[in-house]
Amino acid sequence: MKNIGYLAQDISILHRKYYKDTKEQFDELKLNPTAACILLSVGDYKEVSQNQVARLLVVDKGLATREINKMQKLDYLSKSDGVGKTKILKLTDTGKKIVEKVQQIRIDWWEKRFADTGIKADSPLVAAIESVVDGIVDPVDSGND
């Protein structure tokens, strides 16, 4: 059995394989991996700011802003003013349709991987990974920032 230190490498392998396998599907939607994750994150909240999305995904604010601006031009996202300089993000009707497609791409890929290995979605492994991520990611609070 490998030591736990290899877990990061294994997760990176899964991450790269997922994006390699799904690249054509995301290209058709004019999305890259970061943009897809941003859309999914915006879709998860009634109201979320650009800064909150960057923290949720643990990405640089500048990268998040660039991707959000691209998606706004594609009519996937809209921005509105929040408190101070805060920008609130919402999915447009087009963005909602794209999120459904992104979710299906992700579900299909993971279901295949789980079926190939016999791992079930309710595996303790899934809960353990979610727990580690919850310890890293700043929660979205109700106040805008």
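From a predicted model like this one, the values you see are computed outputs, not experimental measurements.

Draft legend 1. Looking closely at the side chain of Arg113. In this fold, Arg113 is placed in helix H5 (residues 93-117). With relative accessibility at 19%, the residue Arg113 sits in the buried group.

Draft legend 2. Inspection of the confidence of the model for the chain at higher detail. Per-residue pLDDT for the chain averages 89, and the proportion of residues at 70 or more is 96%. Per-element averaging of pLDDT across the chain places helix H6 (residues 124-136) at the bottom with 83 and helix H4 (residues 61-73) at the top with 95.

Draft legend 3. Main features of the pairing of strand E3 (residues 87-91). Inspection of the sheet shows strand E1 (residues 48-49) paired to E3 by two bridges, in the antiparallel sense. Across the sheet, the residue bridging to Val48 is Leu89, located in E3. Note that strand E2 (residues 77-81) and E3 share five bridges and pair antiparallel. Bridge pairing links Asp81 to Lys87 in E3. The antiparallel pairing of E2 with E3 creates a hairpin that spans five residues between the two strands, and Gly84 there sits at a positive phi of about 65°.

Draft legend 4. A look at the environment of Ser78. Inspection of the secondary structure assignment puts Ser78 in strand E2. A relative accessible area of 31% places Ser78 in the partly exposed class. In this structure, the C-alpha to C-alpha distance between Ser78 and Leu91, residues 13 residues apart in sequence, is 6.3 Å. Excluding its chain neighbours within four sequence positions, the residues that come into contact with Ser78 are Ile88, Leu89, Lys90 and Thr92.

Draft legend 5. The arrangement of the sheet that holds E1 in detail. Strand order in the open sheet made by the three strands is E1-E3-E2, with antiparallel pairing throughout. With partners counted over all chains shown, the strands left at the sheet margins are E1 and E2, one partner each. With respect to the sheet, helix H2 (residues 33-43) is in contact with E1, E2 and E3, its orientation differing from that of E3 by roughly 90°. H4 contacts E2 and E3 of the sheet and is inclined by roughly 115° relative to E2.

Draft legend 6. Representation of the side chain of Thr86. Structurally, Thr86 is set in the loop between E2 and E3. Taking relative accessible area as the criterion, Thr86 reaches 8% and is therefore assigned buried. Reaching out from Thr86, the side chain makes a polar contact with the backbone oxygen of Val83 at a distance of 2.9 Å.

Draft legend 7. Up close: the packing of H2 against helix H3 (residues 50-57). Between H2 and H3, whose axes approach to 10 Å, the crossing angle comes to 115°. Both H2 and H3 take part in a crossing whose hand is right-handed. Contacts from Cys37, Ile38, Ser41 and Val42 in H2 reach Val53, Leu56 and Leu57 in H3. Taken together, the residues of the contact of H2 with H3 sort by class into six nonpolar, one polar and no charged.

Criteria and cut-off values
- Numbers given to residues run from 1 along each chain, matching the order in which its sequence is written.
- Per-residue local features of the predicted model are confined to residues with pLDDT of at least 70, and side-chain atom pairs are confined, for both listing and counting, to 80 or more; whole-chain, interface and lining totals are unaffected and use all residues.
- Each side-chain value is worked out from all heavy atoms of the structure, with water and hydrogens disregarded.
- Each helix is a run of DSSP H or I of at least 4 residues and each strand a run of E of at least 2, with the numbering of both proceeding from the N terminus.
- Throughout this description, buried means an accessible area under 20% of the type-specific maximum (1.4 Å probe, protein chains only), exposed means over 50%, and partly exposed covers the range between.
- Each residue gets a pLDDT score, which is the predictor's confidence in that residue and runs from 0 to 100.
- Whether two strands pair comes down to DSSP finding at least two bridges between them.
- Two residues form a contact once any of their heavy atoms are found within 4.5 Å.
- Fitting a line to C-alpha atoms yields each axis, with helices limited to the stretch in contact; the angle taken between N-to-C directions then spans 0 to 180 degrees.
- Nitrogen and oxygen atoms within 3.5 Å of one another constitute a polar contact, given that in protein one can donate a hydrogen and the other can accept it, and given that sequence-neighbouring residues count only through two side-chain atoms.
- Helix crossings fall into two classes, left-handed where the near helix is turned counterclockwise from the far one by less than a right angle and right-handed where it is turned clockwise.
- Residue polarity is assigned by list, with Asp, Glu, Lys and Arg as charged and Ala, Val, Leu, Ile, Met, Phe, Trp, Tyr, Cys and Pro as nonpolar; anything else, Gly included, falls into the polar class.

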